[in-house]
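# Coordinates in review
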Amino acid sequence: MSVIKISNLTKIYNKTQVPVHAVNGINLTFEEGEFVAIVGPSGCGKTTFMNMIGGLEEPTSGSVEINETNISALTSNQRINFRLQNIGFIFQSYNLIPVLTSKENVAFIMQLQNKPKNEIEERTTQLLQSVGLGNKINSKPNQMSGGEQQRVAVARALASKPKFVLADEPTANLDSKATTQLLDIMKKLNEEENMTFIFTTHDQRVVDKARRIITLEDGKVISDQIIS
Ligand code: ADP
Ligand code: MG
């Protein structure tokens, strides 16, 4: 069973004269198969928190352990590899590579992992079909809608079969139809493949789908609610 264990996690930004406690002593555990929403007002520390879970930002103090590996203790190369194996990212701005087709964008991570060509071919096609883009395999980002691009980003995040998928405001730039489609896909992968999703959101319809809702305020957890 894969687990993320977060202990006393803190991030202080010292860029101005007044230090900003963006994340202020968070203790939480996430288990495989969870479907978690992280909510709270703008500036409460959601993005900083997610970036530290994924090893994109270094904590000021405290730790993130993924399956008992403290990710801060890894060298940056080890961390990149570890991240590729364990974590998929979906961002608000889809971060697709504009000159590549959907298929090439999804294949990219697997190429970094030196996967065999035929495996890459099979899995990219299967992933794009599973997010409903079987007919957009050879389209480039500027030939697709925002919702379609976000689904390519989901397929890409899943390419390395991560146990945990972190999504920072994944529906922020989507209309309601695209939001519903994206949520349905996340829910399906969660239920059928036991993939864990941790997502931040401002959208109540997205919050309503979560099975656990964590509320942050001023960098602290003020409520952690399991929905039965
Ligand atoms: P949220 O995603 O909930 O809106 P953030 O994690 O982006 O919150 O920000 C939390 C706090 O940290 C805010 O006060 C923000 O201004 C500050 N902050 C975020 N990133 C930086 C940074 N790179 N340098 C300085 N302050 C930052
Ligand atoms: Mg944010």
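Overview of the structure. (Residues numbered from 1 in each chain as written. Chains lettered and ligands numbered in written order. Predicted model: local features only at pLDDT ≥ 70, side-chain atom pairs only at ≥ 80, totals over all residues. Heavy atoms only, no water.)

For the rest of this paragraph, the subject is the site of ligand 1. Ligand 1 sits among Tyr-13, Lys-15, Val-20, Ala-22, Pro-41, Ser-42, Gly-43, Cys-44, Gly-45, Lys-46, Thr-47 and Thr-48. Burial of ligand 1 by the protein chains amounts to 65% of its free accessible area of 560 Å². Elements represented by at least two residues in the shell around ligand 1 include exactly strand S2 (20-31) and helix H1 (46-53). Split into classes, the residues belonging to the shell around ligand 1 amount to 5 nonpolar, 5 polar and 2 charged. (Near = heavy atom within 4 Å. Areas by Shrake-Rupley, 256 points an atom, 1.4 Å probe, with all protein chains shown as cover. Helix = DSSP H or I, 4+ residues; strand = E, 2+ residues; numbered from the N terminus. Nonpolar A, V, L, I, M, F, W, Y, C, P; charged D, E, K, R; others polar.)

Okay, the layout of surface pockets next. A volume near 390 Å³ is recorded for the largest pocket. In this structure, the largest pocket is lined by 16 residues; those nearest its centre are Arg-83, Leu-84, Ile-87, Phe-89 and Ile-109. Within the residue set of the lining of the largest pocket, elements represented by two or more residues are helix H2 (76-86), strand S6 (87-90), helix H3 (102-112) and helix H5 (146-158). Of the residues belonging to the lining of the largest pocket, the class tally is 11 nonpolar, 3 polar and 2 charged. (1 Å grid on protein atoms, 1.4 Å probe; cavity = no way out; pocket = protein on both sides within 12 Å on 5 of 7 lines; lining within 4 Å. Points joined across faces, edges and corners; volume = space filled by probe spheres on them.)

Right, let's talk about the nonpolar core for a bit. Most often, soluble globular proteins keep nonpolar side chains buried together rather than apart. Membership of the largest hydrophobic core comes to 39 residues, with the highest contact counts inside it found for Val-106, Leu-128, Val-152, Val-154, Leu-158, Phe-197 and Phe-199. Elements with a contribution of two residues or more to this core: strand S3 (35-39), H3, helix H4 (117-130), H5, strand S7 (164-168), helix H6 (176-193), strand S8 (196-200) and helix H7 (204-207). Sequence-distant contacts of Val-154, defined by excluding residues within four places in its chain, comprise Ile-90, Val-131, Leu-182 and Ile-185. With 26 residues, the next largest nonpolar core counts Cys-44, Met-50, Val-64 and Leu-74 among its residues. (Core = buried A, V, L, I, M, F, W, Y, C linked by side-chain atoms within 4.5 Å. Buried < 20%, exposed > 50% of the residue type's maximum accessible area, 1.4 Å probe, protein only. Contact = heavy atoms within 4.5 Å.)

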